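Take a look at the letters that make up each chain.
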Amino acid sequence: MVKETFISKQAIEEMLALSGPDALDLREKASRVRDDCVGRKVYFRGLIEFSNLCANDCFYCGIRKSNRKTERYTMTYDEIMDCARFCQEAGYASVVLQSGERRDPDFIRFVIKVVSGIKAELPEMRITLSVGEQDREVFRRFYEAGIERYLLRIESSSRRHYQRLHPEVMSFERRRKCLEVLRSIGFQVGSGVMIGSPFQTLGDLAGDLLFMKAMDIDMVGMGPYVPHRDNLLKNWNYDAEKTLELSLNMVAALRIMMPDINIAATSALQALDGSGREKALSAGANVIMPNATPLKYRQSYSLYDNRPCVTDSPYGCRSCIMKKIEESGFLPATGEKGDSPRFLKRVENNINVCNC
Ligand code: SF4
């Protein structure tokens, strides 16, 4: 078992700046760490993007509330249940229910109804919820309804940088506090950042990795920043190749820093490179989130441009990704929940104490 060692911010920055053969060496090292600590299995989370309504206005996002060009939708209870059943049949032992951020009581009730329905019919299915910041009491209700995992991306761990990407009403502190609350309730906690986003420095990214470690995050989904045609940052000078390289180095550095967490090979990588997800697996990632959202809604969940898989059916996505995983030398862990080993260790040591 690989031991965690302290890596200074400067050393992380140096890792992130690597390119060419040096970057490949870094990713190979990270891949060996992953093999030693969590093996070569790839775990699946069937992604159900059940609504693109959002109360926020993040400057980089295609479905922010002020973008009137987006066609809005919310899937029905029955449609979501059908997606969950598909995930079960497909061998995804885990689903991610994702939407824009809403805190109104109707939305909260609907989410709880859906989760209760999935748990009643598919009790073994692990559920990750990703619906943004909520009050402690709401998080607690979600947990009691059967949600085991919660994904809340911090997007940037630098307060300065966070505020440049979000309107003033959105608070970095509140988001960080939500992560602490989620942990205290007992969730497996996921977070992540955007890589290569406007105004970001290498120091910010190194700080992001140190933040994941300091917060003892169980699962991480970091994706490259990919511009959206209607976002408010579109004039930023964007370099797709550099962003891809940086993203893969981030995955590798994080695996070396936190060997026993789950790290997603995010779909956004595929927007930059058709083999982006497989490259992330080779750099230390161990989780894939195949899209299980019905085709008729895919185009409308448009967080960024050039989203991959918007024309592939959930069945098509499944066979495509299984083939790619096997061709890349990894083992598709169908039917396995793939809880974060770091989380399991924490529970075993009884240090996941609820103090709500
Ligand atoms: S990033 Fe999330 S919270 Fe922000 S506008 Fe987009 S969907 Fe809403």
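Residues numbered from 1 in each chain as written. Predicted model: local features only at pLDDT ≥ 70, side-chain atom pairs only at ≥ 80, totals over all residues. Heavy atoms only, no water.

K.L.:
Would you take a moment to explain the site of the ligand for this structure?
P.N.:
Within the structure, the ligand sits among Cys54, Asn56, Cys58, Tyr60, Cys61, Ile63, Arg64 and Gly100. Taken atom by atom, the bulk of the ligand overlaps the largest cavity. Residues belonging to the shell around the ligand are distributed by class as follows: five nonpolar, two polar and one charged. (Near = heavy atom within 4 Å. 1 Å grid on protein atoms, 1.4 Å probe; cavity = no way out; pocket = protein on both sides within 12 Å on 5 of 7 lines; lining within 4 Å. Sits in = over half its atoms within 2 Å of the grid points. Nonpolar A, V, L, I, M, F, W, Y, C, P; charged D, E, K, R; others polar.)

K.L.:
Is there a simple way to think about the sheet that holds strand S11 (residues 287-288) in this case?
P.N.:
Hydrogen bonding along the main chain pairs the strands of a sheet, whether they run parallel or antiparallel. With parallel pairing, the three strands of this open sheet are ordered in space as S11-S1-S12. The two strands at the open ends of the sheet, each matched to only one other strand, are S11 and strand S12 (331-332). With two bridges connecting them, strand S1 (residues 41-44) and S11 associate as parallel partners. In the strand pairing of S11, tyrosine 43 is matched with valine 287. (Pairing = 2+ DSSP bridges. Helix = DSSP H or I, 4+ residues; strand = E, 2+ residues; numbered from the N terminus.)

K.L.:
Got a minute to help me understand the pairing of strand S4 (residues 126-130) in this structure?
P.N.:
For a regular strand, side chains alternate in direction, first toward one face of the sheet and then toward the other. Along S4, five of the five residues are buried, which leaves the element largely enclosed by surrounding structure. Neither face of S4 is left uncovered, since the one carrying Arg126, Thr128 and Ser130 and the one carrying Ile127 and Leu129 both have all their residues buried. Two strands pair when backbone bridges link them, and strand S3 (residues 94-99) and S4 are joined in this way by five bridges, in the parallel orientation. Paired with valine 96 across the bridge in S4 is threonine 128. On the question of chirality, the crossover connecting S4 to the parallel strand S5 (residues 149-151) by way of helix H5 (residues 136-145) is right-handed. (Buried < 20%, exposed > 50% of the residue type's maximum accessible area, 1.4 Å probe, protein only. Right-handed = clockwise from strand over helix to strand, strands pointing away.)

K.L.:
Is there a simple way to think about the nonpolar core in this case?
P.N.:
Note that soluble globular proteins tend to have their nonpolar side chains buried in a common cluster. Counting residues in hydrophobic clusters, the biggest one holds 99 residues, and the most contacted among them are Leu97 and Phe142. If you tally residues by element for this core, the top one is helix H9 (residues 240-257), at ten residues. Aside from chain neighbours lying at most four places away, what touches leucine 97 is Ile48, Phe50, Ile80, Val114, Val115, Ile118, Ile127, Thr128, Leu129, Ser130 and Val131. Of all hydrophobic cores here, the second largest spans seven residues; its members include Tyr43, Ala264, Val287 and Ala333. (Core = buried A, V, L, I, M, F, W, Y, C linked by side-chain atoms within 4.5 Å. Contact = heavy atoms within 4.5 Å.)

K.L.:
I'm lost on the layout of surface pockets in this one. Help?
P.N.:
The gaps left among the atoms become clear once a water-sized probe is rolled over them. Roughly 350 Å³ of internal volume is contained in the largest pocket. Lining the largest pocket we find 18 residues, and of these Gly196, Leu202, Lys242, Thr243 and Leu246 sit closest to its centre. For the lining of the largest pocket, the secondary-structure elements that each account for two or more residues are helix H8 (202-214) and H9. Classifying every residue of the lining of the largest pocket gives eight nonpolar, seven polar and three charged. (Points joined across faces, edges and corners; volume = space filled by probe spheres on them.)

K.L.:
What is the right way to look at H8 in this model?
P.N.:
Every α-helix carries 3.6 residues per turn, so stepping three or four residues along brings you back to the same face. Taking 1.5 Å per residue as the helical rise, H8 with its 13 residues ought to reach 18 Å, and the 18 Å between its terminal C-alpha atoms agrees with that figure. Buried within H8 we find Gly203, Asp204, Leu205, Ala206, Gly207, Asp208, Leu209, Phe211 and Met212. (Expected span 1.5 Å × (residues − 1).)

K.L.:
Any chance you could explain the packing of H5 against helix H7 (residues 172-185) here in plain terms?
P.N.:
Look at H5 against H7: their axes get within 10 Å of each other, and the N-to-C directions meet at 40 degrees. Judged by the inter-axis angle, H5 sits oblique to H7. Along this stretch, H5 crosses H7, giving a crossing that reads as right-handed. Between H5 and H7, the contacting residues are Arg136, Phe139, Arg140 and Tyr143 on the first element and Cys178, Val181, Leu182, Ser184 and Ile185 on the second. Considering only residue class, the contact of H5 with H7 consists of six nonpolar, one polar and two charged. (Axes fitted to C-alpha atoms, helices over the stretch in contact; angles between N-to-C directions. Parallel < 35°, antiparallel > 145°, perpendicular 65-115°, else oblique. Left-handed = near helix turned anticlockwise from the far one by under 90°.)

K.L.:
In this structure, what is going on with helix H3 (residues 77-90)? I would like to understand it.
P.N.:
For H3, with 14 residues, the first-to-last C-alpha span of 20 Å sits near the 20 Å given by 1.5 Å per residue. Inspection of H3 places Glu79, Ile80, Met81, Cys83, Ala84, Phe86, Cys87 and Ala90 among the buried residues, and these make up the whole buried set. Packed against the buried residues of H3 are strand S2 (46-51), S3, helix H4 (105-121), helix H12 (295-298) and helix H13 (314-327). In the segment just after H3, glycine 91 is the residue with positive phi, at about 90 degrees.

Any functional reading would require information beyond the geometric quantities listed.
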